[in-house]
Amino acid sequence: MSQVHTPTYAANDEASVDIARLVSGLLEQSLEHADRDTINGTLHSVRSVRTWLDALEIRAARRVRQLHEAGRADSPVTTLIDNNGCSGRDARTTLDREGLCADMPLFEEALGGGCVGGAHLDAMTRATNGLSPDAKTAFASHQQRLLALASQMSPDAFERRCRDLARSIRAQLDAAAEADRISRQRSASNVRQWVDRPTGMGHTHLELDPERHAALWTTIEAHLASVRQRDGNSGRPFGELQVEAILELVSSGGSSATSGTGAGSSGRRIPEIEVLIDWQTLAEGVHDSTVCETVDGIPLPVQTVQRLCCEADVLPVVLRSTGEVLHVGRTARVATRAQRRALAALHRTCAHPHCSAAFSRCQIHHVVPWEQGGRTDLDNLIPLCTKHHHLVHEGGWLLELHDDRTITLTRPDGTRSFSGRTTDRLVAQSQSGQRSQRSQPGQRSH
Ligand SMILES: [Zn+2]
Ligand SMILES: [Zn+2]
């Protein structure tokens, strides 16, 4: 980003003449009695002049940086603040624009032309924030296409397209890191509480990964809706009712409100969270216009949504490529009570060979994913605890279930980790086992 770059910026006579003409037109303009077309034309000229000024500032910032590096000027931020009358934040924005133009010179050339402005550059900066250097290089390699989009789009719409592109690049380049992100977010989750001495108020700050945050707020909002319906609550402040709803959930629900999506222990399950995903992404993986996010627009890794599809409490809203809703809900997607009972008869614990998590804490995993045609049949279902469920979806491990109900576990590098039996309850030993055998004759090898 900080490489010195001298783009072939079109600050030639032609562009300068144009700007001079625009500015002199603006100087003569009187707006008091102007009609709509005149105002529109004026605003158009203002935009052209502004993008030209944006370009000028970028080149000034670049030169200041070079002078500063040579010990002949103050730092670029100081220089911009002192001489340009801008805030520190504006100064850093200008420097970000300069860095971006060094990587994407086509944008700098286009800046003087009036269609693309500094706001488009800022949109790209925000959208690529957090990308690895490799991913940023890959992003910059799309500059021609991005420029075509930017010249037809508002900065806001352009930013959404940039985010989509950034996400697909991240998924393609850095699949492991992307999958790992949600588990890092999970382990970085925390809660803090303190008392503010001057006011005496207690504060509780809960920092959560996007998946559990969405689940938590779905729960709170569902309960809040019923709290608001109660007599006498219509006039009470919203914040007070929200607190009441949260406290009621905490005191009545035990751990269920914070125990994670679908981590269905035997008791109450938290309500659905909605996830938006397009069909192609769900079935085949990330592509250029992937949609994969919570309803609030927080991006989720595709592997996470695929895992969520195994869990009863998540409602994927699957979109067709044209954007219409293709499928909502859980019909025939989640194991039925009877299937859960039959599986409980086969497995006391998580089916991972070295795991002792109780069956009641497990999620029912589709070995062949539902979205790839895997049926919700016993011979495609196996219980996994949260940790091992993450392992097979986000962790890149392959779990295969064979007709005799033995499994094969393959590590992400393709080597075999385990092959053998995982059912740990013999039919003859329990009532429920016999029930299972009756419901699924021919299922078992033991
Ligand atoms: Zn699963
Ligand atoms: Zn496990």
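Fair warning: this is a prediction, and the values are worked out from it, not measured in the lab.

S.K.: Looking at this structure, I do not really get the confidence of the model for the protein. What am I missing?
M.R.: This prediction gives the protein a mean pLDDT of 79; 79% of its residues lie at or above 70. Averaged over each element, pLDDT in the protein is lowest for helix 17 (residues 431-439) (33) and highest for helix 6 (residues 118-127) (94). Low pLDDT, under 50, characterises residues 254-271; the predicted model gives this stretch 43 contacts beyond four residues in sequence or across chains. Overall, residues 427-446 carries pLDDT values under 50, and its contacts beyond four positions in sequence, including any with other chains, amount to 27 contacts.

S.K.: Looking at this structure, I do not really get helix 6. What am I missing?
M.R.: Three or four residues apart is the spacing at which side chains of an α-helix point the same way, because the helix has 3.6 residues per turn. Most of helix 6 sits out of view: seven of its ten residues are buried. Of the positions making up helix 6, those classed as buried are Gly118, His120, Leu121, Asp122, Ala123, Met124 and Ala127.

S.K.: Explain the side chain of His388 to me, please; I cannot follow it from the model alone.
M.R.: Checked against the element boundaries, His388 lands in helix 16 (residues 386-393). The class for His388 is buried, based on a relative accessible area of 8%. Apart from residues lying up to four places away in sequence, His388 is in contact with Cys350, His352 and Cys355.

S.K.: Any chance you could explain the coordination of the zinc ion (ligand 2) here in plain terms?
M.R.: Ideal donor angles around a metal are set by the shape: a four-donor tetrahedron calls for 109.5 degrees, a six-donor octahedron for 90 or 180 degrees. Coordination sphere of the zinc ion (ligand 2), protein contribution only: Cys350 (SG), Cys355 (SG), Cys385 (SG) and His388 (ND1), at 2.0 to 2.3 Å. Of note is the zinc ion (ligand 2), whose four donor atoms meet at the metal with angles of 99 to 115° in an arrangement that counts as tetrahedral. If you list the donors of the zinc ion (ligand 2) from N- to C-terminus, the spacing comes out as C-x4-C-x29-C-x2-H. Taken as a pair, Cys350 in the loop between helix 15 (337-346) and strand 7 (363-366) and His388 in helix 16 lie far apart in primary sequence, 38 residues in all.

S.K.: Quick question: what am I supposed to make of the packing of helix 6 against helix 9 (residues 155-173) here?
M.R.: Packed helices, taken two at a time, are described by the angle their axes make and the gap between the axes. Where helix 6 contacts helix 9, the axes come no closer than 8 Å and their chain directions differ by 30°. The angle between helix 6 and helix 9 falls in the class roughly parallel. Crossing angle aside, the handedness with which helix 6 passes helix 9 is right-handed. Contacts between helix 6 and helix 9 involve Ala119, His120, Ala123, Met124, Arg126 and Ala127 from the former and Pro155, Phe158, Glu159, Cys162, Arg163 and Ala166 from the latter.

S.K.: Help me understand the pattern of salt bridges, please; the structure alone is not making it clear to me.
M.R.: Applying the stated criterion across every chain yields a total of 17 salt bridges. A salt bridge links Asp54 to Arg97; the shortest N-O distance between them is 3.4 Å. Residue Asp54 is found in helix 2 (residues 36-69), and its partner Arg97 is found in helix 4 (residues 88-103); the two are separated by 43 residues along the sequence. For the pair Asp54 and Arg97, one class covers both residues: buried. Note that Arg126 is salt-bridged to Glu159, the shortest N-O span being 2.8 Å.

S.K.: Could you clarify how one ought to interpret the sheet that holds strand 9 (residues 398-401) in this entry?
M.R.: The pairing of strands in a sheet comes from backbone hydrogen bonds and takes either a parallel or an antiparallel form. Strands sit in the order 9-10-11 across an open sheet of three strands; the sheet is antiparallel. Among the strands making up the open sheet, the edge pair consists of strand 9 and strand 11 (416-421). If you compare each strand with its neighbour and ignore which way they point, the axes differ by 10° on average. By the bridge criterion, five bridges tie strand 10 (residues 406-410) to strand 11 in an arrangement that is antiparallel. Along strand 11, the bridge assignment pairs Ile407 with Gly420.

S.K.: Mind showing me how you'd approach the packing of helix 4 against helix 6 here?
M.R.: Two elements in contact, helix 4 and helix 6, have axes whose closest approach is 9 Å; the angle formed by their N-to-C orientations is 80°. Between helix 4 and helix 6, the angle falls in the class roughly perpendicular. Residues Thr93, Asp96, Arg97, Leu100 and Cys101 of helix 4 form the contact with helix 6, whose own contacting residues are Gly118, Ala119, Leu121, Asp122, Met124 and Thr125. The residue inventory of the contact of helix 4 with helix 6, partitioned by class, reads five nonpolar, three polar and three charged.

S.K.: Just to check I follow, could you spell out the side chain of Ser48 for this structure?
M.R.: Within the element layout of this structure, Ser48 appears in helix 2. Of the residues examined, Ser48 reaches a relative accessible area of 12% and is grouped as buried. Discounting residues that sit within four places of it in the chain, Ser48 has contacts with Ile19, Leu22 and Gly114.

S.K.: Quick question: what am I supposed to make of helix 3 (residues 76-84) here?
M.R.: All buried positions along helix 3 are accounted for by Pro76, Thr79 and Leu80. Along the long axis of helix 3, the arc covered by the buried residues comes to 95°, so they all point the same way. Buried positions along helix 3 lie against helix 2 and helix 4. Once helix 3 finishes, Gly85 follows within two positions and takes phi at roughly 70°, a positive value.

S.K.: Which parts of the structure should I look at to understand the nonpolar core?
M.R.: Note on soluble globular proteins: their nonpolar side chains tend to be buried together. Ranked by size, the top nonpolar core spans 25 residues in total, and within it Met104, Phe107, Leu121, Met124, Phe139, Leu146 and Phe158 carry the most contacts. Among the elements of the structure, helix 2, helix 4, helix 5 (105-111), helix 6, helix 7 (133-140), helix 8 (143-150) and helix 9 are those that each provide at least two residues to this core. With five residues, the single largest contributor to this core is helix 9. Other than its neighbours up to four places away in sequence, Phe107 contacts Val116, Leu121, Met124, Gln143, Leu146, Leu147, Ala150 and Phe158. Counting 14 residues, the second largest nonpolar core, distinct from the first, contains Val367, Ile382, Leu401 and Ile407.

The rules we used
Residues numbered from 1 in each chain as written. Chains lettered and ligands numbered in written order. Predicted model: local features only at pLDDT ≥ 70, side-chain atom pairs only at ≥ 80, totals over all residues. Heavy atoms only, no water. pLDDT = per-residue confidence, 0-100. Helix = DSSP H or I, 4+ residues; strand = E, 2+ residues; numbered from the N terminus. Contact = heavy atoms within 4.5 Å. Buried < 20%, exposed > 50% of the residue type's maximum accessible area, 1.4 Å probe, protein only. Donors = N, O, S within 2.8 Å, 3.2 Å for Na, K, Ca; no water. Tetrahedral: all angles 85-135°; square planar, octahedral: opposite > 155°, others 65-115°. Axes fitted to C-alpha atoms, helices over the stretch in contact; angles between N-to-C directions. Parallel < 35°, antiparallel > 145°, perpendicular 65-115°, else oblique. Left-handed = near helix turned anticlockwise from the far one by under 90°. Salt bridge = Lys/Arg side-chain N within 4 Å of Asp/Glu carboxyl O. Pairing = 2+ DSSP bridges. Nonpolar A, V, L, I, M, F, W, Y, C, P; charged D, E, K, R; others polar. Arc of directions from axis to C-beta. Core = buried A, V, L, I, M, F, W, Y, C linked by side-chain atoms within 4.5 Å.

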